[in-house]
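One letter stands for each residue in the lines below.
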Amino acid sequence: MKLTTRLLVILTLLLPLVVSAQGKIDASERRLSTVVIDAGHGGKDPGCTWGDKKEKDLNLKIALLFGFMIEEAYPDVQVIYTRKDDRFVELHTRGDIANKANADLFISIHTDAVGNNEAHGSSTYIMGNDKSEKNLAVAQRENSVIVMEGDFEEMVQKHYAKNTPIVDRGARQGPYLVLWRTAMPSVLTEMGFMTHKGDRDYLHSEVGQKQVAKSLFDAFSEYRAKCNAKAEEVT
């Protein structure tokens, strides 16, 4: 997919008014200064697997590469990782890390998998009212994150389309059953399917990983610029 589909969503999430367990945050009045990058799964939880390939390892590689790009380009942005190695981190702890850091954005990186190995492409999940069984299954499997709706899908899609050959499955919504108590805009992005040979080979290649991370970075950069410009208007 054009990984950009998810990232645009990912970055667009900061502008709306976010409703969390703790209350409300008007993201439009804040500059983007802290981002939490979450490499899904880890340790005793491998995520989806294919032979010796494990989702937890792929998620971590992309998370670290993406974070490094932000650190290099924007020294003023604090990048926090829920894990930087192969360890198990409980879901509530991942949310706590973001809340304690008073983060402005939470991005959870995952790889998809289904019984049908023909399914392929990337997508990004946000909170919504879609009650389809498919989205419910994803929510239950990934213990997804809570976010407000955004309309920046074209921004993320643009970068995924530009940088990667992965099919764009678009931005999706679902009534996520297991929510992290994050008090900031949050998204869960599925980079592609471990169960699809084309996606799997691409995501495990050096070129593929760099392009995916670059797509996330480009979307982040565009979103950061919009977020900071909005904050400047308010001040």
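Residues numbered from 1 in each chain as written. Predicted model: local features only at pLDDT ≥ 70, side-chain atom pairs only at ≥ 80, totals over all residues. Heavy atoms only, no water.

Participant: What am I meant to see in the packing of helix H2 (residues 55-73) against helix H7 (residues 206-234) here?
Facilitator: Between H2 and H7, the shortest axis-to-axis distance is 9 Å and the interhelical angle comes to 45 degrees. For the element pair H2 / H7, the angle class is oblique. In terms of crossing hand, the pair formed by H2 and H7 is right-handed. Contacts between H2 and H7 involve Leu58, Lys61, Ile62, Leu65, Phe66, Met69, Ile70 and Ala73 on the former and, on the latter, Gln209, Lys210, Val212, Ala213, Lys214, Leu216, Phe217 and Phe220. Residues of the contact of H2 with H7, tallied by class, amount to twelve nonpolar, one polar and three charged. (Axes fitted to C-alpha atoms, helices over the stretch in contact; angles between N-to-C directions. Helix = DSSP H or I, 4+ residues; strand = E, 2+ residues; numbered from the N terminus. Parallel < 35°, antiparallel > 145°, perpendicular 65-115°, else oblique. Left-handed = near helix turned anticlockwise from the far one by under 90°. Contact = heavy atoms within 4.5 Å. Nonpolar A, V, L, I, M, F, W, Y, C, P; charged D, E, K, R; others polar.)

Participant: How should the nonpolar core be read in this particular structure?
Facilitator: One broad trend across soluble globular proteins is that nonpolar side chains are buried collectively. Core analysis: the biggest nonpolar cluster contains 32 residues, and Val35, Ile37, Phe66, Ile70, Ile109 and Phe220 have the highest contact counts within it. Of all the secondary-structure elements, those providing two or more residues to this core are strand E3 (34-39), H2, strand E6 (78-81), strand E7 (105-112), helix H5 (153-163), strand E10 (186-193), helix H6 (197-203) and H7. One finds Ala98, Ala103, Phe106 and Met184 within the second-largest nonpolar core, a separate group that totals six residues. (Core = buried A, V, L, I, M, F, W, Y, C linked by side-chain atoms within 4.5 Å. Buried < 20%, exposed > 50% of the residue type's maximum accessible area, 1.4 Å probe, protein only.)

Participant: Looking at this structure, how should I read helix H3 (residues 91-100)?
Facilitator: In an α-helix, one full turn covers 3.6 residues, which means residues spaced three or four apart are oriented alike. Restricting attention to buried positions, one finds in H3 the residues Arg94, Gly95 and Ala98. Down the axis, H3 shows its buried residues gathered within 95 degrees of arc, on one side only. At its buried positions, H3 is contacted by E3 and E7. A positive backbone phi angle near 55 degrees is found at asparagine 102, which sits one or two residues after H3. (Arc of directions from axis to C-beta.)

Participant: Before we go on, may I ask you to explain the pairing of E10 in this structure?
Facilitator: In regular strands, side chains alternate between the two faces of the sheet. For E10, a buried count of eight out of eight residues is recorded, marking the element as mostly surrounded by other parts of the structure. Two elements, E7 and E10, share six bridges in a ladder whose sense is parallel. In the strand pairing of E10, serine 108 is matched with leucine 188. (Pairing = 2+ DSSP bridges.)

Participant: Could you clarify how one ought to interpret unusual backbone geometry in this entry?
Facilitator: With glycine set apart, most residues show a phi of negative sign, and most peptide bonds adopt trans. Even without being glycine, histidine 41 reaches a positive phi, approximately 65 degrees. Within the element layout of this structure, histidine 41 appears in the loop between E3 and strand E4 (49-50).

Participant: Even after reading the chapter, I still don't get the packing of aromatic side chains, so can you show me in this structure?
Facilitator: Two aromatic rings are characterised by how far apart their centres lie and by the angle between their planes. Within the structure shown, the criterion is met by three aromatic pairs. Seen in terms of ring centroids, tyrosine 74 and phenylalanine 217 are 5.9 Å apart; in terms of plane orientation they differ by 25 degrees. Their pairing is stacked. Here the residue tyrosine 74 occupies a position in the loop between H2 and E6, and phenylalanine 217 occupies one in helix H7, the gap between them amounting to 143 residues. With respect to class, tyrosine 74 is no different from phenylalanine 217; both count as buried. Taken together, the ring pairs in this structure connect Phe66, Tyr74, Phe217 and Phe220 into an aromatic cluster. (Phe/Tyr/Trp six-rings, centres within 6.5 Å; stacked < 30°, edge-to-face > 60°.)

Participant: Sorry if this is basic, but what is going on with the pattern of salt bridges here?
Facilitator: Side chains bearing opposite charge may pair, as long as their charged atoms lie close to each other. Under the definition given, this model contains nine salt bridges. Among the ionic pairs, arginine 87 bridges to aspartate 85, the shortest N-O distance being 2.6 Å. By relative accessible area, arginine 87 is classed as partly exposed at 47%. When the shortest N-O distance is used, the salt bridge between glutamate 206 and lysine 210 registers 3.2 Å. Of this pair, glutamate 206 and lysine 210 both sit in helix H7, four residues apart, which is roughly one turn of the helix. According to the relative accessible area criterion, glutamate 206 is exposed, its value standing at 56%. (Salt bridge = Lys/Arg side-chain N within 4 Å of Asp/Glu carboxyl O.)

Participant: I tried to follow the environment of phenylalanine 66 on my own but got confused; where do I start?
Facilitator: Inspection of the secondary structure puts phenylalanine 66 in helix H2. In the structure, phenylalanine 66 is positioned 143 residues away from glutamine 209 in sequence and 9.4 Å away in space, judged by C-alpha atoms. If we ignore the near neighbours within four places in the chain, the residues touching phenylalanine 66 are Ile37, Ile107, Ile109, Ala213, Leu216, Phe217 and Phe220.

Participant: Help me understand the environment of valine 187 in this model?
Facilitator: Inspection of the secondary structure puts valine 187 in strand E10. Expressed as a C-alpha distance, the spacing of valine 187 and isoleucine 107, which sit 80 residues apart in the sequence, is 5.3 Å.

Participant: Looking at this model, I keep getting lost on the confidence of the model for the chain. Mind explaining?
Facilitator: Close inspection of predicted coordinates is inappropriate for parts of the model with low pLDDT. Here the chain averages 78 in pLDDT, while 69% of its residues score no lower than 70. With pLDDT under 50 throughout, residues 8-28 is counted as low confidence; its partners more than four residues away or in other chains account for 86 contacts. Scored below 50 in pLDDT, residues 143-153 makes 54 contacts in the model with residues more than four places away or belonging to other chains. (pLDDT = per-residue confidence, 0-100.)

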